[in-house]
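Residue-level structure breakdown
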Amino acid sequence: MLVDSHCHINFPDLAARMPEVLVNMAANGVSHALVIGVSRPKYPEVLALAEAHANLFATVGIHPDDPEAEEFSEDELVAHAAHAKVVGIGETGLDYHWCQGDLAWQHERFAVHIRAARRTGLPLVIHTRASAADTVRMMREHGADQAGGVMHCFTEDWDTARAALDLGFYISLSGIVTFKNAAVVKEVAQKVPLERLLVETDSPYLAPVPFRGKTNEPAFVKHVAEHIAELRGLSFETVAAATTDNFFRLFAKAQRVAGQG
């Protein structure tokens, strides 16, 4: 079985056909999915999905790309994290692609999430885009290693991956790894220790080959795992089993809720 470690199935394109999305997951051997919180207004949607479906989990957080976003305070993040189906803090991090100028607000938002993760013991779900050096620096300076977590939809180079691994983080790869021009990501896919690797869709975005350009969904994470297996010279079953075990090891609260061993 597989786990989609990062998806946004509460977004309209997928929420409108939720029964089909869940059937497709099962048909492709995707047993569980983690639905990611990105904003205060959308958090109730994320939580409702996790409450309604035994095989869905939630995170709570504010994405780094919106300077006008209504924040969760550190105490609010901690309070939301007490919910049985909330298993991680994020998505959080830094994004210098969409945001420029004085980004003190973004740094403070990231720091708040790290502190909340440390207090709750839940892992961080970290987004980094065009900001790898500062992301790793802040992870070190604010003690992100005390919480652990995952670098989601990883697109940085091997040196950045290694820095995150040294802090105890996992690396999650999306459909980007299947793209022909993704040589840097393919290198990371080959080098990351198998016991620290996760797979995701980031749906509805970044559909893998052969669905590139179409609406992504959790069922398609199978194609991510298949491509990684091919790159590493491993069987699909080996990669599927390892990434599933890794997910439940990292998100230990999900393991308890799901009764996974």
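Preceding block: the structure.
Residues numbered from 1 in each chain as written. Predicted model: local features only at pLDDT ≥ 70, side-chain atom pairs only at ≥ 80, totals over all residues. Heavy atoms only, no water.

1. Considerations on the packing of helix α4 (residues 74-81) against helix α5 (residues 104-120)
In the contact formed by α4 and α5, the axes pass within 9 Å of each other and the chain directions differ by 40 degrees. In terms of orientation, α4 lies oblique with respect to α5. Considering only the axes of α4 and α5, their crossing is right-handed. Listed contacts from α5 to Glu 74, Asp 75, Leu 77, Val 78 and Ala 81 of α4 are Val 112, His 113, Arg 115, Ala 116, Arg 119 and Thr 120. (Axes fitted to C-alpha atoms, helices over the stretch in contact; angles between N-to-C directions. Helix = DSSP H or I, 4+ residues; strand = E, 2+ residues; numbered from the N terminus. Parallel < 35°, antiparallel > 145°, perpendicular 65-115°, else oblique. Left-handed = near helix turned anticlockwise from the far one by under 90°. Contact = heavy atoms within 4.5 Å.)

2. Here's the deal with the environment of Thr 128
For Thr 128, the position within the fold is in strand β5 (residues 124-129). Classification of Thr 128 as buried rests on a relative accessible area of 11%. Taking C-alpha positions, Thr 128 is 21 Å from Ala 33, a pair spaced 95 residues apart along the chain. Non-local contacts of Thr 128, meaning those with residues more than four positions away in its chain, are made with Leu 94, Thr 135, Met 151 and Glu 156. Engagement of the side chain of Thr 128 in a polar contact is seen with the side chain of Ser 131, the distance being 3.0 Å. Only 2.9 Å separates the side chain of Thr 128 from the side chain of Thr 135, close enough to count as a polar contact. (Buried < 20%, exposed > 50% of the residue type's maximum accessible area, 1.4 Å probe, protein only. Polar contact = N/O pair within 3.5 Å; in protein donor to acceptor, adjacent residues only side chain to side chain.)

3. Re the sheet that holds strand β2 (residues 30-35)
On the basis of which strands lie adjacent, the open sheet formed by eight strands has the order β1-β2-β3-β4-β5-β6-β7-β8 and parallel pairing. Of all strands in the sheet, those bounded by a partner on one side alone are β1 (2-7) and β8 (197-199). Adjacent strand axes in the sheet meet at a mean angle of 30 degrees, parallel and antiparallel pairs treated alike. Across five bridges, the pairing between strand β4 (residues 86-95) and β5 is parallel. In the strand pairing of β5, Asp 95 is matched with Arg 129. (Pairing = 2+ DSSP bridges.)

4. Regarding α4
For α4, the full list of buried residues reads Glu 74, Leu 77 and Ala 81. Down the axis of α4, the sector holding all buried residues measures 60 degrees, keeping them to one side. Facing away from the buried surface of α4 by more than 90 degrees, the exposed residues are Asp 75 and Ala 79. In this fold, the buried residues of α4 make contact with β3 (56-60), β4, α5 and α11 (252-258). (Arc of directions from axis to C-beta.)

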